[in-house]
Amino acid sequence: MNVWRKLMRILGIAGRTPRRRKARALFVGLNNAGKSTLLNRLKSDREQVSRKMITPTVGFTAGQFVFNNVKFAVTDMSGRDGYRALWESMYGQCDAIVFVVDSTDQMRFAVVKDELDMMLRHPDVAGRLNLPILFVATKTAAPDACGASTVATALRLHERLEPNRQWRLASTDAITTTTVGAGMPGQPVDDGLREAMEWLVDLVKVSHHRQS
Ligand SMILES: Nc1nc2c(ncn2[C@@H]2O[C@H](COP(=O)(O)OP(=O)(O)OP(=O)(O)O)[C@@H](O)[C@H]2O)c(=O)[nH]1
Ligand SMILES: [Mg+2]
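Values in this document were obtained by computation on a predicted structure and should not be read as measured data. (Residues numbered from 1 in each chain as written. Chains lettered and ligands numbered in written order. Predicted model: local features only at pLDDT ≥ 70, side-chain atom pairs only at ≥ 80, totals over all residues.)

A. Here's a closer look at the sheet that holds strand 6 (residues 167-171). Overall, mixed pairing links the six strands, which are arranged 2-3-1-4-5-6 in an open sheet. With partners counted over all chains shown, the strands left at the sheet margins are strand 2 (60-67) and strand 6, one partner each. Averaged over neighbouring strand pairs, the angle between their axes works out to 25° when direction is ignored. In the sheet, strand 1 (residues 21-28) pairs with strand 3 (residues 70-77) via seven bridges, with the strands oriented parallel. Paired with phenylalanine 27 across the bridge in strand 3 is aspartate 76. (Pairing = 2+ DSSP bridges. Helix = DSSP H or I, 4+ residues; strand = E, 2+ residues; numbered from the N terminus. Axes fitted to C-alpha atoms, helices over the stretch in contact; angles between N-to-C directions.)

Below, the structure written as structure tokens:
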């Protein structure tokens, strides 16, 4: 504990600073979907790396970011065919799943559907209805991208997800810089990802509160 926090505690004013909560997020989705790029975007400006530094993930990598005072420890899985079998080993060890879908890769939506079905049937997911799932359709600024509603329909999300499951679909382009809409020049436009993350943060805060 640093001296400042020690002093705050002695003076009894530590309670004024809200304690940062922790949550574990699991990033899954096919290879090339944009998981690692999304994780990079969620990090602070200081921690972000250049797009060129992000290479296909081998196995999985660990990362972290802070959103609304929740520190997310992220397991960023590889989406390559040979590595997808690893996802299930992590289902029981996360507080939220972020399922990333490449909105330009409609050719592989059938594969995404199969992977999603397997995930939803897995006991560590099916048995935990309080495990929130955030679907993120990426690459939305690409000319061949389809809209979020097309993704939802193609994956039949409304039929597949259990009625009691907390889930949401957001769409984003994690690398495009644009001045359109509410975005600041040179900054990614706020395209719904922030709102979706706020939803997720509220859910993990509640579930942590219940557990404690
Ligand atoms: N235009 C655009 N390209 C993106 C976006 N997200 C990712 N990409 C590109 O898509 C490619 C794959 O991105 P990654 O983040 O490595 O994908 P991944 O899901 O982590 O892939 P694996 O680690 O192989 O499972 C890279 O060339 C990225 O630059 C996006 O939102 N828009
Ligand atoms: Mg990756």
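B. Molecular detail of the UniProt feature "binding site: GTP" (unreviewed entry) in the chain. According to UniProt, the positions carrying the feature "binding site: GTP" (unreviewed entry) are Gly29, Leu30, Asn31, Asn32, Ala33, Gly34, Lys35, Ser36 and Gly79. On the basis of their most widely separated C-alpha atoms, the annotated residues across 51 residues gather in one place, lying no more than 11.4 Å apart. Structurally, the position occupied by asparagine 32 is in the loop between strand 1 and helix 2 (35-42). Within the secondary structure, lysine 35 sits in helix 2. Judged by C-beta crowding, with 29 C-beta atoms within 10 Å, lysine 35 ranks as buried. The contact partners of lysine 35, leaving out residues within four places of it in the chain, are Phe27, Gly29, Asp76, Gly79 and Val100. (UniProt positions renumbered as here; feature names shortened; annotations may be inferred. Buried ≥ 20, exposed ≤ 12 C-beta atoms within 10 Å, placed from the backbone. Contact = placed C-beta atoms within 7 Å.)

C. Inspection of the site of ligand 1 at higher detail. Taken together, 23 residues are adjacent to ligand 1, and Gly34, Ser36, Thr37, Thr57 and Gly79 come closest. Counting residues per element, the shell around ligand 1 draws most heavily on helix 2, which supplies three residues. Class assignment of the residues belonging to the shell around ligand 1 gives a composition of seven nonpolar, 11 polar and five charged. (Near = placed C-beta within 6 Å. Nonpolar A, V, L, I, M, F, W, Y, C, P; charged D, E, K, R; others polar.)

D. Summary view of the environment of threonine 138. The topology assignment puts threonine 138 in strand 5 (residues 133-138). You can call threonine 138 buried: it has 29 C-beta atoms within 10 Å. A C-alpha to C-alpha distance of 20 Å links threonine 138 and aspartate 45, two positions 93 residues apart in sequence. With residues up to four places along the chain from it excluded, the contact list for threonine 138 reads Ala33, Gly34, Leu38, Val100, Val101, Asp102, Ser103, Thr172, Asp173 and Ala174.

E. Representation of the nonpolar core. Formed by 47 residues in total, the largest nonpolar core has its most connected members in Ala25, Phe27, Ala96, Ile97, Val98, Phe99 and Phe135. Tallying contributions element by element places strand 4 (residues 96-102) first for this core, with six residues. Residue contacts for isoleucine 97: discarding those within four places in its chain leaves Leu26, Val28, Leu131 and Ile133. (Core = buried A, V, L, I, M, F, W, Y, C linked by C-beta atoms within 7 Å.)

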